[in-house]
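Letter by letter, the chains look like this.
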Amino acid sequence: MGDTTEARLTPPFPERLTRRLPPLELLRRFRQDMLSVWHERHFEERFFATRLLARRALVCNSPATVHAAFVARHAAFERKSPQLRHALEPLIGDGVFIADGLAWRARRPVVAGVTHRRRLAEFAPAMAAVVAERRAAWAARRPGAAVDMLAEMGGLAAEVICRVLFGAPEPGAPAEVAAAFSRYLARVAGEDLPSLLGLPDWVPRFQGLRVGEEVRRIHAVLDRLVAAAVRPGAGISLVGAMAAEGGLEGEALRNEAATLILAGHETTANLLAWAWFLLSQDAAAAAGLRAEARAALGGGVAGIEDLPRLPFTRAVLEESLRLYPPVAVLARQAVQDTELAGHRVRRGDLVLTLPFLLHRHRALWAAPDEFRPERFLPGAPPRPLHGFIPFSLGPRVCTGAHFAMAEAMLALATLAQDVAPRLVPGTVVTPRCRLSLRPGEVLPMLLERAT
Ligand code: HEM
């Protein structure tokens, strides 16, 4: 499964700067793609200060500084950036993803409790059912049929999260919800100029006016799905568990349902899309994964009991997360004057960590831009502590990491047994990071049959 002496794949990465850009050009780029504003030297520095218009940003870029901000000094940096809060607040209200202070402390145990790894056995049948349906849909296509793999994986992840959240949502509802979320996110991402200009939180944002109609539509659909999930006699669901065990109701319940769709849908879809893309560029890795999947599953659909027998599948997904972390920027705002890595931090300063920079840091990784899944195989040298953080770290670590990895492993291993997706010839894949890191707006692939 991969000889380290042979030429290895270096998949595309955003342009790296070699000179200083004027502030407005930097801002223009930042709003299009948050990853194409970084300089070559940023892949070597441990900690640096930068400026986004009126906002000073301190970037933690080493295991020690990341640990300091996200674990040791968590209380000072637990607040999400104003850009993120303003972008998401109309949609998820006081949902745990953007809450802080008392609100976050009250909600976190409820959401973490229902999405915990010990509950995987409850979710796995829904995951396997969705994967089996996608497999059947692909088998019904002619060999070599063209698909948009990003949309395929988006559809799969939307079905999984909605079935797990709501039990048995009405047919068509997951696709409707996912499409509405994507429209919303495309509209709000990168639009919060007032925060970058240093204006306070109470200054109205234009997006609030423009996205209001969309939000009302999404909330109406969610309210209907939540009501069905908590009705007496409804099957098991995360919404039901958050109501019964966490005591959530009304708007709080809808906000956490919206949070889980937001946090768990596009992220997992992007991970799977990137993994298919990388496999399409590396024949040896694709063959290795297929051989492992066929040996472990014997042509069947994977269940969670199969996960320990899929170490290479896990390694491919972890290497995809290293190269293309779906949440590529973690952005916080200091809630008090304090100190970090010997630097003074003023209340209101942005504190950033970019899994994207850290995962390609030259002091932490050998051949950081190459696709080498074997670095994550059991027995490989240990990964750098706090140097691989696709799910963040500390008290705000992703509550759905095990959920996401299980879902992605079940899907990739099951589907790779019979298809070998190939990139449509001539397609240029360009990473794009606004709220999440995606392989562009579409990922055109051909569903070739695997031999
Ligand atoms: C590959 C898929 C996923 C990735 C890469 C991912 C990554 C992340 C990251 C980096 C954060 C922290 C963000 C920050 O600190 O700014 C986060 C938070 C969160 N994630 Fe995930 N996530 C994924 C899937 C999921 C799934 C499937 C769920 C739920 C089923 C989920 C639930 C959450 C929640 C609730 C939070 C907020 C935690 C808090 O603030 O206390 N995520 N995720």
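Computed from a prediction, not measured in an experiment: that's the story for all the values here. (Residues numbered from 1 in each chain as written. Predicted model: local features only at pLDDT ≥ 70, side-chain atom pairs only at ≥ 80, totals over all residues.)

Caption draft 1: Representation of the overall build of the protein chain in the model. The helix and strand inventory of the protein chain stands at 17 helices and twelve strands. The C-alpha atoms of the protein chain give 21 Å as radius of gyration, which agrees with the globular expectation for 451 residues (22 Å, within 12%). Expressed as lengths along the three principal axes of its C-alpha atoms, the size of the protein chain is roughly 60 × 60 × 40 Å. Taking contacts inside the protein chain between residues at least 6 apart in sequence as the whole, the part at least 24 apart equals 75%. (Helix = DSSP H or I, 4+ residues; strand = E, 2+ residues; numbered from the N terminus. Rg over C-alpha atoms; globule rule 2.2 N^0.38 Å. Contact = placed C-beta atoms within 7 Å.)

Caption draft 2: Highlighting the sheet that holds strand 3 (residues 79-80). Taken in spatial order, the five strands of this open sheet run 1-2-8-5-3, and their pairing is mixed. Edge strands, defined here as strands with exactly one partner in the open sheet, are strand 1 (47-52) and strand 3. Looking at chain direction, strand 1 and strand 2 (residues 55-60) are connected through six bridges and run antiparallel. Each bridged residue has a counterpart across the sheet, and for L52 the counterpart in strand 2 is R55. Where helix 2 (residues 63-72) meets the sheet, its contacts fall on strand 1, strand 2 and strand 8 (350-353), and the angle it forms with strand 8 comes to roughly 125 degrees. (Pairing = 2+ DSSP bridges. Axes fitted to C-alpha atoms, helices over the stretch in contact; angles between N-to-C directions.)

Caption draft 3: Structural detail: the site of the ligand. Among the 24 residues in the neighbourhood of the ligand, the closest are listed as A263, G264, T267, C398 and G400. Put simply, the parts of the chain that give the shell around the ligand at least two residues each are helix 4 (101-114), helix 12 (250-264), helix 13 (266-281) and helix 17 (401-416). Considering each element in turn, the shell around the ligand owes the most residues, four residues, to helix 12. Here the shell around the ligand is composed, by residue class, of 14 nonpolar, eight polar and two charged. (Near = placed C-beta within 6 Å. Nonpolar A, V, L, I, M, F, W, Y, C, P; charged D, E, K, R; others polar.)

Caption draft 4: Spatial organisation of helix 2. Within helix 2 the residues assigned to the buried category are P63, T65, V66, A68, A69 and F70. Looking at the packing, one finds that the buried side of helix 2 touches strand 1, strand 2, strand 6 (338-340), strand 8 and helix 16 (355-358). (Buried ≥ 20, exposed ≤ 12 C-beta atoms within 10 Å, placed from the backbone.)

Caption draft 5: Focus on helix 14 (residues 283-297). Between its first and last C-alpha atoms helix 14 spans 21 Å; for 15 residues at 1.5 Å apiece the expected length is 21 Å, and the two agree. Looking only at helix 14, the buried set comprises A285, A286, G288, L289, R290, E292 and A293. Buried-residue contacts for helix 14 involve helix 13, helix 15 (311-323), helix 17 and strand 9 (419-423). Positive backbone phi, approximately 55 degrees, marks G298, located one or two places after helix 14. (Expected span 1.5 Å × (residues − 1).)

Caption draft 6: Local environment of the sheet that holds strand 4 (residues 145-148). Reading across the sheet, the three strands line up as 4-12-9 and stay open at both edges, with antiparallel pairing between neighbours. The outermost strands of the open sheet, each flanked by one partner alone, are strand 4 and strand 9. Neighbouring strand axes in the sheet, compared pairwise and without regard to direction, differ in orientation by 40 degrees on average. Bridge analysis of strand 9 against strand 12 (residues 444-449) gives five bridges, and the strand direction is antiparallel. For L423, the partnering residue across the bridge sits in strand 12 and is M445. Packed onto the sheet, helix 6 (residues 149-166) meets strand 4, strand 9 and strand 12 and runs at close to 65 degrees relative to strand 4.

Caption draft 7: Main features of unusual backbone geometry. In this structure, A367 takes a positive phi of about 40 degrees despite not being glycine. Tracing the chain through its elements places A367 in the loop between helix 16 and helix 17. With 12 C-beta atoms packed within 10 Å, A367 lands in the exposed category. Even without being glycine, H386 reaches a positive phi, approximately 60 degrees.

Caption draft 8: Region of the structure containing the pairing of strand 12. Relative to strand 12, strand 4 runs antiparallel, the two sharing four bridges. Across the sheet, A145 pairs through a bridge with L447, a residue of strand 12.

Caption draft 9: View of the environment of F166. Within the secondary structure, F166 is located in helix 6. The class for F166 is buried, based on 28 C-beta atoms found within 10 Å. Linking F166 and V226, residues 60 residues apart in sequence, is a C-alpha distance of 6.7 Å. When neighbours within four sequence positions are excluded, F166 is seen to be in contact with L225, A228, A229, S237 and V239.

Limitation: the analysis is restricted to geometry and does not speak to function.
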